[in-house]
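Secondary and tertiary structure notes
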Amino acid sequence: MAGPRQVVDGRTPAGAPYGMLRHGLRTGVARWLLDRVPTPRRNPFTLGYLAVVGATTTFAGLADPELVQRLREASSSDGHNLLQHPLRALVLSGFWVAGDVWVPYLWGFAFTLAPLERRVGPARAAAVFATGHVAATLLSQGVVITAVETGRMAPEAMDHLDIGVSYGVLACLGALCGLLPRHGRLLALSGAGLMIAQQIASDRDVVTAVGHPAAVLAGMALWRWLRHTERRPPRLHPAVAAVGGAAPARGGARVRTVR
């Protein structure tokens, strides 16, 4: 008794009526999107850091407000803390978000840190994040301390709460731009510049005005280092690559339809 028709060629195996559909899903747009979804294997640093930030944000929303305020003040990288406890201030200030929700930072991590980690690895992505966070913090608070010492700002400015992950995220954005094609790089840098300009105009804060541009520049300063360490797909020998493709029919014979 004749069964259903099956097309036998070099790519779609017999007995797989939805083979072409599955092949289409594995390639094209779907494959492109799936390859960029953060996973524990591809993005251990990104997901781990998001988990920490999510935990501290959840704690801040559930715990006693006075306790949360004391912990944030102890973790702040303001001028006084940097002068008295520099290591603690630099490390712990990056484990909080400046606000009550962390969902906006989820998108920030997804479009900056995650693709950077995919291309250069978790260790180098963590180094970029830390470099931006530390450099921008020291520079911005250094401006505040100098302004206070010279009488241009009130002493209370050295006690303003300074926590968050924005410096690290912006540094990753600046670093990632160096790995993009020229047009994509210009577009990303222009968007970052407009975003920073809008923040400076709306906040009118010295720390933001100095720290955010400094973070992007810190990431850009690492372009040459990252370009030498960027992960690239292995180049296969033509004979090896041909093995994964369809085997040509011998003698130019046509593929038969079997009933």
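On a predicted model such as this, the values are computed, not experimentally measured, just so you know.

A short note on the overall build of the protein chain
- If you tally the helices and strands in the protein chain, you get 13 helices and 2 strands.
- By the burial criterion, 33% of the 259 residues in the protein chain qualify as buried.
- Here the contacts in the protein chain between residues at least 6 apart in sequence split such that 75% fall between residues at least 24 apart.
- Accessible surface computed for the protein chain: about 16300 Å², of which carbon and sulfur atoms make up 63%.

Notes on a nonpolar patch on the surface
- Judged by side-chain polarity, Val103, Leu106, Trp107 and Phe111 come together as a nonpolar surface patch covering roughly 430 Å² of accessible area.
- Within the secondary structure, Val103 is located in helix α7 (residues 103-120).

Focus on the packing of α7 against helix α9 (residues 166-177)
- One way to put it is that α7 packs onto α9 with a least axis distance of 9 Å and a crossing angle of 50°. When the axis of α7 is compared with that of α9, the two are oblique. As for the relative orientation of α7 and α9, their crossing is left-handed in sense. Of the residues in α9, those in contact with Gly108, Phe109, Phe111, Thr112, Leu113, Pro115, Leu116 and Arg119 of α7 are Val169, Cys172, Leu173, Ala175 and Leu176.

Thoughts on the side chain of Thr137
- Structurally, the position occupied by Thr137 is in helix α8 (residues 122-149).
- Those residues within four positions of Thr137 in sequence are excluded, and the remaining contacts are Ser77, Leu82, Leu90, Gly142, Asp162 and Tyr167.

Points about the environment of Val128
- Relative to the assigned elements, Val128 resides in helix α8.
- Classification of Val128 as buried rests on a relative accessible area of 0%.
- Distance in space between the C-alpha atoms of Val128 and Glu117 is 9.7 Å, their sequence separation being 11 residues.
- In this structure Val128 touches Leu116, Ala171, Cys172, Ala175, Leu222, Trp225 and Leu226, once residues within four positions along its chain are discounted.

With respect to the packing of aromatic side chains
- Across all of its chains, the model carries 7 aromatic pairs by this definition.
- Judged by centre distance (6.0 Å) and plane angle (55°), the ring pair of Tyr49 and Phe95 falls under tilted. With Tyr49 in helix α3 (residues 44-62) and Phe95 in the loop between α6 (86-92) and α7, the pair connects residues that are 46 residues apart, well separated along the chain.
- Assessed through its relative accessible area of 12%, Tyr49 is described here as buried.
- Taken together, the aromatic side chains of Phe45, Tyr49, Phe95, Phe109 and Phe129 make up a single cluster linked through ring pairs.
- Above the plane of the ring of Trp223 lies Arg185, whose end atom (NZ or CZ) is 5.6 Å from the centre.

Thoughts on the confidence of the model for the protein chain
- Per-residue confidence for the protein chain gives a mean pLDDT of 82, with 75% of residues at or over 70.
- Note on residues 1-8: pLDDT is under 50 here. Beyond four places in sequence and across chains, it has 10 contacts.
- Below a pLDDT of 50 lies the segment residues 234-259, which in the model reaches 10 contacts outside its immediate sequence neighbourhood of four places, other chains included.

Things to note about the nonpolar core
- Phe109, Leu116, Val128, Phe129, Val165 and Leu226 are the most contacted members of the largest nonpolar core, which totals 22 residues.
- Listed by contribution, the elements that provide at least two residues to this core are α3, α7, α8 and α9.
- One finds Ala192, Val207, Ala215 and Val216 within the second-largest nonpolar core, a separate group that totals 17 residues.

What counts as what
- Residues numbered from 1 in each chain as written.
- Predicted model: local features only at pLDDT ≥ 70, side-chain atom pairs only at ≥ 80, totals over all residues.
- Heavy atoms only, no water.
- Helix = DSSP H or I, 4+ residues; strand = E, 2+ residues; numbered from the N terminus.
- Buried < 20%, exposed > 50% of the residue type's maximum accessible area, 1.4 Å probe, protein only.
- Contact = heavy atoms within 4.5 Å.
- Areas by Shrake-Rupley, 256 points an atom, 1.4 Å probe, with all protein chains shown as cover.
- Patch = residues over 30% accessible without salt bridge, like charges linked within 9 Å, V, L, I, M, F, W, Y side chains within 5 Å.
- Salt bridge = Lys/Arg side-chain N within 4 Å of Asp/Glu carboxyl O.
- Axes fitted to C-alpha atoms, helices over the stretch in contact; angles between N-to-C directions.
- Parallel < 35°, antiparallel > 145°, perpendicular 65-115°, else oblique.
- Left-handed = near helix turned anticlockwise from the far one by under 90°.
- Phe/Tyr/Trp six-rings, centres within 6.5 Å; stacked < 30°, edge-to-face > 60°.
- Lys NZ or Arg CZ within 6 Å of the ring centre and 35° of its normal.
- pLDDT = per-residue confidence, 0-100.
- Core = buried A, V, L, I, M, F, W, Y, C linked by side-chain atoms within 4.5 Å.

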